[in-house]
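Structural features, examined
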Amino acid sequence: MITIILFLIMIAAAVYAVETGEFRNAVYSLALLGLGVSVYQLTAGAFLPGALQLISVFVLIYVLNRTLLPKASPREFAEGEYFSRAVFLIFMILSVILACGVSDAIAPNSYSPYLLSFVLILTGFFSVAFKKDIKKIVAGIVIIEYAVEAFLTLSGERQGITPLIGILAIVLLAVIAARLSDRLGTTDVTKIRELRG
Amino acid sequence: MRILLPLLIALPVVWAALAAVVYRFNRRAADLITALVTLITCGFAIALYLFHPLNYPIVFRLFGISLVLDGLSHLLILTAGIVALFVAIYSISYMEKYGRKDLFYVLFMLMLAGIYGVVLSGDLIVMFIFLEMAALSAYALVAFGLESQPLEASFKYFIMGEAASAFILIAIGLVHAAAGTFDLAEAALRLQMTAPFIKAVALGLFLTGFGMKSALFPLHAWLPDAHTAAPSPISAMLSGVLIKALGIYAIVRVLFNVFGMTSQISSILMILGIISILVGVLLALGQWDFKRLLAYHSVSQIGYIALGVGLATPLGIMGGLYHLFNHAIFKSLLFLNAGSVESQIGTRDLKEMGGLSRKMPVTSATSLVASLSIAGIPPFNGFWSKLFIILACVQAGKIWLALFAVIGSILTLASFLKVQRYAFFGQAKETLSEIKESPVPMTIAMVSLALICLAIGLLSPFVINYLINPAVGAVANGVGYGRIVLGASK
């Protein structure tokens, strides 16, 4: 039951980080998500990943505050994106159905944590796939990294150093994203020539 | 011999830690030591071929980490060793214009160590850690120019690469949940008793993740930008080695040796392969940016490898793995040629070139060798591997696949005739009258790779017997890999 509540808090934090218009709030929501993953890992007996995850949260706050927080987002990003949300909703429903099958095969009669971790992962993918703000895309990658860590612990992993790899990736991504928005003078990915495909 | 396995990874890591310091005191020494480290690792790969019988694997275990060398990983190590050696020599002159060569050497060495680590890992989590090490270095190297185009390309590559890594890590989690282990050999044995649904989902995730890393169609969107924007030696490493070690090798290892190949997966690989061949070459035909054209050809040539391997017959696997080796050599040479031209005339636009064969004879001659190789013209190396893939299609009764593979090869020839016509032959531009050949280290690298292209073609039976067949044997063992590796580690 505690695990489920923890996962629900993490999902709420992830969704808020994706949807809030204020990036400062997004950073602290992501930190809350990271802390949730760390607490889950420590309570599940994954002490090394849990400790590394805890450290990674402080690194995350520092790096995002230094790199991406000072970059202003265009005003139109605050407006609604109904189509993308509808597509995401359909995608999420299909994935949850798939996740039910996976959960059933791994641990019969105990769907919930697996389902919730899938929802968390999908929230990250939604942000990466549909958000136009570089900062939200970086936030999406952070959510995916954290969600996959939680999933890995759920699947029985107890000794890995994957959180360390995850935070290294986030630091590098944040630096590249900050440099890119400096060069282009915007955080709008639609203004980036190469990203048009 | 088994001590060479950790040394292959440790040597580049140690030099990565020292390179920046040494570079500060003596730049020339740092250049030479980097080349020396790649030479030593390449020498290790050759020594392992000479002194170890390849019909059984070598297993090295330390602190719970297992490194496994069999015919397949051996082929990849040799490929990475050869390409890295000539890239290091080429970079001595080429990277001068970028500055921060110390940082370049650090990242290059970490990428090389990551590649060796991925190929040697006998454990999924360790493989993932090395995969991320190589990938993170590659993202930074693509952005090395720090102009807007490299930064954009790196950002795009990063996002797609991390999404791929997430897919792979979820699949690893599923394998652990189902088999209770991350060890590839143990997982190969235990997964046979797992629910088919879990296996199917994990397989799908692995295929998507590694498919993105190998830039198979339709997961190739990051590749043209990343390969175009990166410094040319890095484009050579990305196209020649990285997409194969992190993509194709991992797909083959996981599909054949851990899960076991099925007819459905075989069909998916063949279809993705043939679409990649045609889409890649058609997109390449329309390009005027030299490096972008080469990048789309990477998508196409990876398609040939996927088609050969996807056939899952001994001849098909042989053709696919032989093409993997050949493509690494001729494509890295082509990127080095493009870098040589760009560094001398300052553009990658084919329309602004012309008559370079008289001004840059070494670059021109070596690019002709590489162009003939990639187009599958005898006696160059690309001819044999493409021939085996096409014959394997015919042997398997897939005539239409053979036909599309031939069409892809003809279009490849057309594309490279265009490159030769616009860049090296044709009317010399007045603006290019003062152009000179590239510096000696760059020409040494290009000539060496061109000679290897020719040698592999002429010595094809020897190459197949000593390099390719052991790799085919390792793949053909299928899930018997688990039993063989566990037996070898006792």
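The rules behind these values
All residue numbers refer to positions counted from 1 along the written sequence of the respective chain. As a convention, the first chain written is A and the first ligand written is 1, with the rest following in written order. With the structure being a predicted model, the display of local features is reserved for residues of pLDDT at least 70 and the display and counting of side-chain atom pairs for 80 or more, all residues being used for whole-chain, interface and lining totals. As a convention, hydrogens and water are excluded, and side-chain values are obtained from all of the structure's heavy atoms. Numbered from the N terminus, helices here are DSSP runs of H or I no shorter than four residues, and strands are runs of E no shorter than two. To estimate the expected span of a helix, count its residues, drop one, and scale the result by 1.5 Å. Three labels apply to residues, based on accessible area from a 1.4 Å probe with only protein chains included: buried if under 20% of the type maximum, exposed if over 50%, partly exposed otherwise in between. Put simply, a patch holds well-exposed residues, over 30% relative accessible area, that have no salt bridge, with like charges counted together within 9 Å and Val, Leu, Ile, Met, Phe, Trp or Tyr side chains within 5 Å. A 1.4 Å probe and the Shrake-Rupley method give the accessible areas. Residues count as covered only by the protein chains that appear here. We count a salt bridge whenever a side-chain nitrogen from Lys or Arg sits within 4 Å of a carboxyl oxygen from Asp or Glu. Comment: axis = line fitted to C-alpha atoms, over the contacting stretch for helices; angle = value between 0 and 180 degrees taken between N-to-C directions. Each angle receives one of four descriptions, namely roughly parallel if under 35 degrees, roughly antiparallel if over 145, roughly perpendicular if within 65 to 115, and oblique otherwise. For any pair of crossing helices, the crossing counts as left-handed if the nearer helix is rotated counterclockwise from the farther one by less than a right angle, and right-handed if it is rotated clockwise. Each residue receives one of three labels: charged for Asp, Glu, Lys and Arg, nonpolar for Ala, Val, Leu, Ile, Met, Phe, Trp, Tyr, Cys and Pro, and polar for the others, Gly being one of them. All domain edges in this entry derive from an automatic or database-based domain assignment. We call two residues in contact whenever any of their non-hydrogen atoms come within 4.5 Å of each other. Summed over both partners, the accessible surface that disappears when two parts come together, traced with a 1.4 Å probe, is what is meant by buried area. For the purposes of these results, a polar contact is taken to be a pair of N or O atoms within 3.5 Å, where, inside protein, one atom must be able to donate a hydrogen and its partner to accept one; residues adjacent in sequence count only when each atom of the pair is a side-chain atom. In predicted models, pLDDT denotes the confidence assigned by the predictor to each residue on a 0 to 100 scale. Paired rings are identified among Phe, Tyr and Trp, the last through its six-membered ring, by centres lying within 6.5 Å, and are further divided according to the angle between planes into stacked (under 30 degrees), edge-to-face (over 60) and tilted (the rest). If DSSP finds at least two bridges between two strands, the strands pair.

**Thoughts on helix 17 (residues 399-424) of chain B**
Taking 1.5 Å of rise per residue, 26 residues should cover 38 Å, and helix 17 of chain B covers 37 Å from first to last C-alpha, within 8% of that figure. At the C-terminal side of helix 17 of chain B, Gly 426 of chain B shows a positive phi close to 75°.

**Considering the environment of Ile 4 of chain A**
Residue and element names in this part refer to chain A. Within the secondary structure, Ile 4 is located in helix 1 (residues 2-19). Assessed through its relative accessible area of 24%, Ile 4 is described here as partly exposed. Sequence separation of Ile 4 and Pro 113 is 109 residues, and the distance between their C-alpha atoms is 6.1 Å.

**Brief notes about a nonpolar patch on the surface**
Residues and elements named next belong to chain B. Together, Leu 454, Leu 458, Leu 459, Phe 462 and Tyr 466 give the surface a local cluster of nonpolar side chains, amounting to about 510 Å² of exposed area. Elements represented by at least two residues in the nonpolar patch include exactly helix 18 (440-458) and helix 19 (460-476). With respect to the secondary-structure elements, Leu 454 resides in helix 18. On the basis of relative accessible area, Leu 454 is assigned to the partly exposed category, the value being 31%.

**Considering the packing of helix 6 (residues 148-179) of chain B against helix 8 (residues 196-214) of chain B**
Residues and elements named next belong to chain B. Contact geometry for helix 6 and helix 8: axes closest at 8 Å, N-to-C directions at 155°. When the axis of helix 6 is compared with that of helix 8, the two are roughly antiparallel. Of the two elements, helix 6 crosses helix 8, and the hand of that crossing is left-handed. Residues that form the contact of helix 6 with helix 8 fall into these classes: 18 nonpolar, 4 polar and 1 charged.

**Considering the domain arrangement of chain B**
Residues and elements named next belong to chain B. If you check the domain split of chain B, you get domain 1 (1-255 + 483-490) and domain 2 (261-458). Taking only C-alpha atoms, the centre of domain 1 and the centre of domain 2 are 22 Å apart. Each partner contributes to the interface: domain 1 provides 42 residues, whereas domain 2 provides 45 residues. Between domain 1 and domain 2, roughly 3,600 Å² of surface is buried when both sides are summed, and carbon and sulfur atoms account for 78% of that area. Counting every contact that joins domain 1 to domain 2 gives 1 salt bridge. Here domain 1 is connected to domain 2 by 12 residue pairs in polar contact (both at pLDDT 80 or more).

**Considering the interface of chain B and chain A**
Listed per partner, the contact involves 34 residues of chain B and 41 residues of chain A. Surface buried jointly by chain B and chain A totals about 3,400 Å² across both partners, of which 81% is contributed by carbon and sulfur atoms. Per-residue buried area on chain B facing chain A is highest for Glu 152, Phe 155 and Ile 170 of chain B; these three make up 20% of the total on that side. Connecting chain B to chain A are 0 salt bridges. Summed over the shared surface of chain B and chain A, the number is 2 residue pairs in polar contact (both at pLDDT 80 or more). Elements with a contribution of two residues or more to the side of chain B that touches chain A: helix 5 (124-142), helix 6 and helix 8 of chain B. The element best represented in the side of chain B that touches chain A is helix 6 of chain B, accounting for 19 residues.

**Observations regarding the confidence of the model for chain A**
For chain A, the mean per-residue pLDDT works out to 79, and 76% of the residues sit at or above 70. Highest mean pLDDT in chain A belongs to helix 6 (residues 134-154) of chain A (89); lowest belongs to helix 4 (residues 82-106) of chain A (62).

**Focus: unusual backbone geometry**
Residues and elements named next belong to chain B. In this model, Phe 217 is joined to Pro 218 through a cis peptide bond whose omega is 0°. Relative to the helices and strands, Pro 218 is located in the loop between helix 8 and helix 9 (222-229). Following Pro 378, the chain continues to Pro 379 via a peptide bond in cis, the omega torsion being 10°. As for its position among the elements, Pro 379 is in the loop between helix 15 (361-375) and helix 16 (381-395).

**As for the packing of aromatic side chains**
Residue and element names in this part refer to chain B. If you walk through the whole model with that rule in mind, you get 19 aromatic pairs over all chains. Centre to centre, the rings of Phe 206 and Phe 259 are 5.9 Å apart; their planes meet at 70°, and the pair counts as edge-to-face. In this pair, Phe 206 is assigned in helix 8 and Phe 259 in helix 10 (residues 232-259), connecting sequence segments 53 residues apart. The class for Phe 206 is buried, based on a relative accessible area of 2%.

**Some words on the pairing of strand 2 (residues 65-69) of chain B**
All names here are of chain B. The element strand 2 is largely enclosed, with a buried count of 4 among its 5 residues. Of the pairings in the sheet, the one linking strand 1 (residues 58-62) to strand 2 comprises 5 bridges and is antiparallel in character. Its bridge partner being in strand 2, Leu 62 is matched across the sheet by Ile 65. Here strand 1 hands over to strand 2 after 2 residues, with Phe 63 in that stretch at a positive phi of 50°.

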